[in-house]
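What the coordinates show
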Amino acid sequence: DQQVKQNSPSLSVQEGRISILNCDYTNSMFDYFLWYKKYPAEGPTFLISISSIKDKNEDGRFTVFLNKSAKHLSLHIVPSQPGDSAVYFCAASGGQNAGGTSYGKLTFGQGTILTVHP
Amino acid sequence: DTEVTQTPKHLVMGMTNKKSLKCEQHMGHRAMYWYKQKAKKPPELMFVYSYEKLSINESVPSRFSPECPNSSLLNLHLHALQPEDSALYLCASSQRATGGDATNEKLFFGSGTQLSVL
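Bear in mind the structure is a predicted one, so any value in this text is a computation, not a measurement.

In terms of regular secondary structure, chain A is built from 0 helices and 11 strands. Along chain A, helices and strands appear, N-terminal first, in the series β-β-β-β-β-β-β-β-β-β-β. The C-alpha atoms of chain A give 14 Å as radius of gyration, which agrees with the globular expectation for 118 residues (13 Å, within 12%). In terms of its C-alpha atoms, chain A occupies a principal-axis envelope of roughly 50 × 30 × 25 Å. Counting only contacts in chain A whose residues sit at least 6 apart along the sequence, the fraction spanning at least 24 positions is 56%. Here chain A displays about 5,600 Å² of accessible surface, and carbon together with sulfur accounts for 50% of that area.

Below, the structure written as structure tokens:
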């Protein structure tokens, strides 16, 4: 049962244009969402996050949108640069439950390979 | 210092060998994690240590043995591994709080150890 899904395995975008990466989730207990960027044979690098109490968070060229009713989030990169080419993972967390047993347990999507062409 | 350092970067071992993976962080984080990532798959949680105590074991086989000697160090001891255990092993850390700030769940990942079991 895949609770976090990235349905697009890959995305190709021209430099300077907008990249939109999508993520869907099924677990309504998730209350914190993160995007990570990963190069081959390296660890994921944190990009941006959003709490479930918000619907938008912006950091420079990166904006994450959250639609709780649709259980959908997206990452917008504007303008896209060739250095943005990497695998992008969406991740979700169940946050603070009574026992804290889900703390730090990120559930990752399958990843989307973004290629930005010069 | 926002770095999580993992050694070695690459490891090749036979099925009868005993080896250890090491991880270190000096960000004052009190939660540390081991994730496993197979090629073209998302990272999967193995273990979580909180305040130097094991808090989550995701039903990992006993041939993987984690150890947290202090708040800055995390080890993963390997013994009698199988070829299917070959993967990228990622260490991560995060702040841990008992309050409601979900942003403390942001994980910082190391570059990983690429393990090959022959």
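Read on, since the account is not over.
With that settled, the discussion passes to the pattern of salt bridges. Inspection of every chain in the model, using the stated rule, returns 5 salt bridges over all chains. In this structure, Lys56(A) and Glu58(A) form a salt bridge, with 4.0 Å as the shortest nitrogen-oxygen distance. Residue class for Lys56(A) comes out partly exposed when judged on its relative accessible area of 43%. One salt bridge in this structure joins Arg30(B) and Glu52(B), with 2.9 Å as the shortest N-O distance. In this pair, Arg30(B) is assigned in the loop between strand 3 (18-25) and strand 4 (31-37) and Glu52(B) in the loop between strand 5 (44-50) and strand 6 (53-57), connecting sequence segments 22 residues apart. You can call Arg30(B) partly exposed: its relative accessible area is 30%. One salt-bridge network, held together by shared partners, links Lys36(B), Arg63(B) and Asp85(B).

What follows deals with the confidence of the model for chain A. Overall, the predicted model of chain A reaches an average pLDDT of 90, with 91% of residues at or above 70. With pLDDT under 50 throughout, residues 95-101 of chain A is counted as low confidence; its partners more than four residues away or in other chains account for 14 contacts.

Cis geometry marks the peptide bond from Val78(A) to Pro79(A); its omega dihedral reads -10°. If you trace the backbone, Pro79(A) turns up in the loop between strand 8 (72-77) and strand 9 (86-93). Following Thr7(B), the chain continues to Pro8(B) via a peptide bond in cis, the omega torsion being -10°. With respect to the helices and strands, Pro8(B) occurs in the loop between strand 1 (4-7) and strand 2 (10-13). Unusually for a residue other than glycine, Ser59(B) sits at a positive phi of about 55°. Along the chain, the position of Ser59(B) falls in the loop between strand 6 and strand 7 (64-70). Judged by relative accessible area, which is 72%, Ser59(B) ranks as exposed.

Residues and elements named next belong to chain B. The full count for this structure, using the stated rule, is 1 cavity of 30 Å³ or more. In this model, the largest cavity occupies a volume close to 40 Å³. Taken together, His-29, Arg-30, Ala-31, Met-32, Tyr-49, Tyr-51, Glu-52, Cys-68 and Ser-71 make up the lining of the largest cavity. By residue class, the composition of the lining of the largest cavity is 5 nonpolar, 2 polar and 2 charged.

Glancing now at the state of the cysteines. Residue and element names in this part refer to chain A. The final tally for this structure, using the stated rule, is 2 disulfides over all chains. At a sulfur-sulfur separation of 2.0 Å, the disulfide partner of Cys-23 is Cys-90. Because the torsion about its S-S bond is -70°, the bridge between Cys-23 and Cys-90 counts as left-handed. With Cys-23 in strand 3 (residues 19-25) and Cys-90 in strand 9, the pair connects residues that are 67 residues apart, well separated along the chain. In terms of burial, Cys-23 and Cys-90 fall into one category: buried.

The rules behind the values
Residues numbered from 1 in each chain as written. Chains lettered and ligands numbered in written order. Predicted model: local features only at pLDDT ≥ 70, side-chain atom pairs only at ≥ 80, totals over all residues. Heavy atoms only, no water. Helix = DSSP H or I, 4+ residues; strand = E, 2+ residues; numbered from the N terminus. Rg over C-alpha atoms; globule rule 2.2 N^0.38 Å. Contact = heavy atoms within 4.5 Å. Areas by Shrake-Rupley, 256 points an atom, 1.4 Å probe, with all protein chains shown as cover. Salt bridge = Lys/Arg side-chain N within 4 Å of Asp/Glu carboxyl O. Buried < 20%, exposed > 50% of the residue type's maximum accessible area, 1.4 Å probe, protein only. pLDDT = per-residue confidence, 0-100. 1 Å grid on protein atoms, 1.4 Å probe; cavity = no way out; pocket = protein on both sides within 12 Å on 5 of 7 lines; lining within 4 Å. Points joined across faces, edges and corners; volume = space filled by probe spheres on them. Nonpolar A, V, L, I, M, F, W, Y, C, P; charged D, E, K, R; others polar. Disulfide = S-S within 2.5 Å.

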